Structures are given as C-alpha cells and as structure tokens.
Amino acid sequence: MSNSRFIALMGVLAFAIFSMYIAQPLTPNFLEGVRGLSLSQTGLIFTAGALGNSIMAMVFSRMNPRWGFLAAQAVVMLFALFIWKGTSLPIFALGYFLLGGFRAGRPMIMAQARDLVHESQMGVTYGVMETVSAVVSIVTPPIAGILFEISPFIVYPISIGLIAVSIIFSSIYMPRKEAHA
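Owing to the predicted nature of the structure, the values given are computational and were not obtained by experimental measurement.

Student: Tell me what's going on with the packing of helix 3 (residues 39-61) against helix 5 (residues 89-98), and back it up with residues and numbers.
Tutor: Following both chains from N to C, one finds helix 3 and helix 5 inclined at 35°, their axes separated by 6 Å at the closest point. For the pair helix 3 and helix 5, the crossing hand works out as right-handed. The residues of helix 5 that touch helix 3, namely those facing Gln41, Leu44, Ile45, Phe46, Ala48, Gly49, Leu51, Gly52, Ile55 and Met56, are Leu89, Phe92, Ala93, Tyr96, Phe97 and Leu98. Here the residues of the contact of helix 3 with helix 5 sort into 13 nonpolar, three polar and no charged.

Structure follows, in structure tokens:
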C-alpha cells in the first residue's frame with residue numbers, strides 16, 4: 001500500500017479493463033438481436049476473435065510493454081467502432097479479430113508492474129493485479145446490461161470514449177523505463 005506508483009498502476013489497470021470490457025459482454029446479443037446475424041455467422045466471428053487472440057499475442061509480445069498496452073487499448077477501441085458502425089459480417093469479424101488486443105494487453109501491464117516491486121513480491125503483485133481485473137470483470141457486465149436496456153447501441157460510443165480517456169491516463173501514469181533506471 002505504500003508503493004504509490006504501483007497503486008497508480010492498479011488504477012490505470014482497473015480503468016483500462018473497465019473501458020475495454022464494457023462493450024464485450026452483450027456484443028453477441030447485439031450481433032444476433034440487433035444486427036440479425038445467425039448463430040453460424042456469430043460462430044465465424046468468434047473464430048476470427050480466437051485468431052486475433054493468437055496473432056495479437058504474438059505481435060504485442062514483441063513490443064515495449066508500455067507501448068504495447070497503449071496499442072492494445074487502441075485496437076480494442078477499433079473493435080467497439082467496427083461493431084457499432086459495421087454493417088457486414090467481414091467488418092464484425094475484423095472487429096472481433098481486433099478484440100484480441102484485450103487479452104494481449106493484460107500481460108503488457110503486468111510486465112510493467114515487475115519493475116515497480118521487489119522480486120520477492122511478484123506473486124503477491126500478480127495476485128493483486130488479477131484480483132483487480134476480476135473485480136472489474138464482475139462489476140462491468142451488469143453496467144453493460146443497464147446500458148443495453150437503455151439502447152443496444154449506446155455501450156459502443158461510451159466504450160470508445162472511455163478507452164480514449166484510458167489511453168490518456170495510461171500514457172501519463174504508466175511507468176516509463178527511464179524512470180526506473
């Protein structure tokens with residue numbers, strides 16, 4: 001608790017996970033109920049998402065963790081944009097492909113935490129980070145459901161706006177390598 005830089009990183013993590021996740025829980029319902037996709041078409045979109053998870057993990061693992069996390073947020077923003085404004089199966093599939101940035105981004109922020117804590121506290125650090133992520137993942141779907149009931153479309157521009165703010169906060173509050181040296 002006395003490590004203010006780590007606490008700030010946990011705030012960035014919580015806000016970023018919330019921002020990137022809020023559009024995800026009810027997107028299958030949106031694609032089926034609002035966009036009129038069949039279950040087989042939705043299955044194809046999920047296949048593109050699985051491929052995106054793999055490729056994004058490979059791409060982001062080669063990046064500096066700070067820049068990788070910022071880029072991951074940007075591609076998840078594109079996911080929300082493509083689902084919101086898309087009108088065809090290929091655009092929705094591309095959106096789900098880009099959603100792979102969500103899963104690829106989490107290790108990027110964990111890699112940054114490694115530089116903020118003593119090596120002997122890494123287990124506790126990862127536990128705290130996973131707990132923060134889990135709490136956000138538990139709280140977010142009911143909020144998404146409330147927004148979906150207001151309008152099935154509203155969650156996407158909200159997500160885009162929150163991710164934009166999250167990118168700004170992340171670029172300000174995430175540690176820089178030269179700050180640890």
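Once you've had a look at it, read on.
Student: Give a description of the environment of tryptophan 84 that names residues and reports values.
Tutor: Tracing the chain through its elements places tryptophan 84 in helix 4 (residues 65-85). Owing to a relative accessible area of 23%, tryptophan 84 belongs among the partly exposed residues under this scheme. Each C-alpha atom, one on tryptophan 84 and one on phenylalanine 30, is 9.3 Å from the other, the two residues being 54 residues apart in sequence. Leave out the neighbours within four places in its chain, and tryptophan 84 touches Arg35, Phe153, Tyr156, Pro157 and Ile160.

Student: Describe helix 2 (residues 27-34), listing the residues and the values that go with them.
Tutor: In an α-helix, one turn spans 3.6 residues, which is why side chains three or four residues apart end up on the same side. For helix 2, the set of buried residues is Thr27, Phe30 and Leu31. For helix 2, the angular spread of buried residues about the axis comes to 95°, placing them on one side. Contacts from the buried residues of helix 2 go to helix 3, helix 4, helix 5, helix 7 (122-150) and helix 8 (155-173). Positive phi appears at glycine 36, one or two residues downstream of helix 2, with a value of about 75°.

Here is what the cut-offs are and how they apply
Residues numbered from 1 in each chain as written. Predicted model: local features only at pLDDT ≥ 70, side-chain atom pairs only at ≥ 80, totals over all residues. Heavy atoms only, no water. Axes fitted to C-alpha atoms, helices over the stretch in contact; angles between N-to-C directions. Helix = DSSP H or I, 4+ residues; strand = E, 2+ residues; numbered from the N terminus. Left-handed = near helix turned anticlockwise from the far one by under 90°. Contact = heavy atoms within 4.5 Å. Nonpolar A, V, L, I, M, F, W, Y, C, P; charged D, E, K, R; others polar. Buried < 20%, exposed > 50% of the residue type's maximum accessible area, 1.4 Å probe, protein only. Arc of directions from axis to C-beta.

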